[in-house]
Amino acid sequence: MQERSERTRRRLVFAGAELFHRNGYANATLGEIAGAAGVTKGALYFHFASKDELADAVQQRGCGLLHEAVRGLREGGASPLQALIDTTHWLARTLHEDPAIPASFRITKECAGQQPPAVDFHGAWLEAVCELLRMARDVGELPLDTPPDGLEGGDTAGGGGSAADRWESAEALVAAAVCGIEVLAGTGLSYAELQRKVAALWGLLLPSLVGPERAREYRTRAFETRVADGERSYEFLGSGV
C-alpha cells in the first residue's frame, strides 16, 4: 500500500511539473494534473492539500536533482570551478529532460512577490553556483589577489581594484551569465544548440576569471563519451545522454 501511494505521489509531481512548465502555475488546474497523472482529484488531495503544496513538491524535486548533480561532480574529483562549468551543462540538459527543472524556474518567477514559498528553486540554483564559485576562490582557482596573467586594468572580472572588488565582480558576472541559460532554453533551442552556447559562454568567462593561460586547463564543453549511429553522446554523473 505504501509503495503504491509513493508511486501515485511521484506521478502527481511529474504531471504537475509538466503542466506547470507547459501552461504556467496560474493556468494549470488540479483537475488537469490529476487527469494527466491518471488519478482522481480525491487521490491528489490525499497527497497535496493545495496547488501551492504540489508546486513546492515540484521545486523540492528540482532542488534534489540539483544537489545530487553537484554532489556527484564533486565526489567524482572535479575541481570547484570545473564542477561549476559541468553543473551549467547539467542544467542545459535537464531543462530539456526533466520537467521539474523548467517548471521550478517558472513557478519561482510567476509566484514572485506572493507569500514566500516553502521552496525557492531559483534561489537554490544561485546558491549552488555561488557556493561552487566561493569554493573555487578558497582553493586558489580564482587569482583574486592579483589580476590574472594577461589581464590589466579594471574592465574585466579579474581587473583592477581590491581583491574584494574583483570577487564581487566575478560573482556578479558568473551569476548573471548562468541565469541566462534558463532564458535561452525557453526560446526553444535544442539541447545541442544550448550546449554549444553554454560552452561559448565559458569560453568568454574563463579568461576573465583565471586568465587566458589557465583558462586552457578547463573543459568548457559537456563531456563527450562516444559517437553512436552518427550521434554524439554526452555524459553527466555516469549517465549517457
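For the structure given in this document, a descriptive report is provided here.

Calculation notes
- Residues numbered from 1 in each chain as written.
- Predicted model: local features only at pLDDT ≥ 70, side-chain atom pairs only at ≥ 80, totals over all residues.
- Heavy atoms only, no water.
- Core = buried A, V, L, I, M, F, W, Y, C linked by side-chain atoms within 4.5 Å.
- Buried < 20%, exposed > 50% of the residue type's maximum accessible area, 1.4 Å probe, protein only.
- Helix = DSSP H or I, 4+ residues; strand = E, 2+ residues; numbered from the N terminus.
- Contact = heavy atoms within 4.5 Å.
- Axes fitted to C-alpha atoms, helices over the stretch in contact; angles between N-to-C directions.
- Parallel < 35°, antiparallel > 145°, perpendicular 65-115°, else oblique.
- Left-handed = near helix turned anticlockwise from the far one by under 90°.
- Nonpolar A, V, L, I, M, F, W, Y, C, P; charged D, E, K, R; others polar.
- Phe/Tyr/Trp six-rings, centres within 6.5 Å; stacked < 30°, edge-to-face > 60°.
- Lys NZ or Arg CZ within 6 Å of the ring centre and 35° of its normal.
- Disulfide = S-S within 2.5 Å.
- Expected span 1.5 Å × (residues − 1).

A few points about the nonpolar core
Now for step 1: Formed by 47 residues in total, the largest nonpolar core has its most connected members in Leu142 and Trp202.
Now for step 2: Among the secondary structure elements, those contributing two or more residues to this core are α4 (51-75), α5 (80-97), α6 (100-110), α7 (121-138), α8 (163-185) and α9 (191-210).
Now for step 3: Those residues in contact with leucine 142, other than ones at most four positions away along the chain, are Leu81, Leu133, Ala136, Arg137, Trp167, Leu209 and Val210.

Some remarks on the packing of α4 against α6
To characterise two packed helices, one gives the angle between the axes of the helices and the distance between these axes.
Now for step 1: Across the interface, α4 lies against α6 with an axial gap of 8 Å and an inter-helix angle of 125 degrees. As far as their axial angle goes, α6 and α4 are oblique. Between α4 and α6 lies a crossing of left-handed hand. For the pair α4 and α6, the contacting residues are Ala55, Val58, Gln59, Arg61, Gly62 and Leu65 in the first and Ala100, Ile101, Ala103, Ser104, Ile107 and Thr108 in the second.
Now for step 2: Broken down by class, the residue content of the contact of α4 with α6 amounts to seven nonpolar, four polar and one charged.

Topic: the packing of aromatic side chains
Now for step 1: What the rule picks out here adds up to two aromatic pairs.
Now for step 2: Arranged with centres 5.6 Å apart and planes meeting at 35 degrees, the rings of phenylalanine 20 and tyrosine 25 form a pair that is tilted.
Now for step 3: Under the relative-accessibility criterion, tyrosine 25 is labelled buried at 11%.
Now for step 4: Judged by centre distance (5.0 Å) and plane angle (90 degrees), the ring pair of phenylalanine 105 and phenylalanine 121 falls under edge-to-face. Pair noted here: phenylalanine 105 is in helix α6 and phenylalanine 121 is in helix α7, with a separation of 16 residues, a long-range link.
Now for step 5: Phenylalanine 105 sits in the buried class, given a relative accessible area of 2%.
Now for step 6: For phenylalanine 121, a relative accessible area of 0% corresponds to the buried category.
Now for step 7: The positively charged end of lysine 51 is found above the aromatic ring belonging to tyrosine 25, 4.8 Å away from the centroid.
Now for step 8: When the ring centre of tryptophan 167 is taken as origin, the NZ or CZ atom of arginine 137, which lies over that ring, is 4.4 Å away.

Notes on the state of the cysteines
Now for step 1: Taken as a whole and judged by the stated rule, the model has zero disulfides.
Now for step 2: Cysteine 130 takes part in no disulfide bond, and the closest cysteine sulfur to it belongs to cysteine 179, at a distance of 8.4 Å.
Now for step 3: On the basis of relative accessibility, which here comes to 13%, the residue cysteine 130 falls in the buried class.

Considering helix α1 (residues 2-23)
Now for step 1: Taking 1.5 Å as the rise per residue, α1 with 22 residues should run 32 Å; its terminal C-alpha atoms sit 31 Å apart, in good agreement.
Now for step 2: Of all the residues in α1, the buried ones are Thr8, Leu12, Val13, Ala15, Gly16, Ala17, Leu19 and Phe20.
Now for step 3: Buried-residue contacts for α1 involve α2 (30-37), α3 (41-47), α4 and α6.
Now for step 4: Directly beyond the C-terminal end of α1, a positive phi value near 90 degrees is found at glycine 24.

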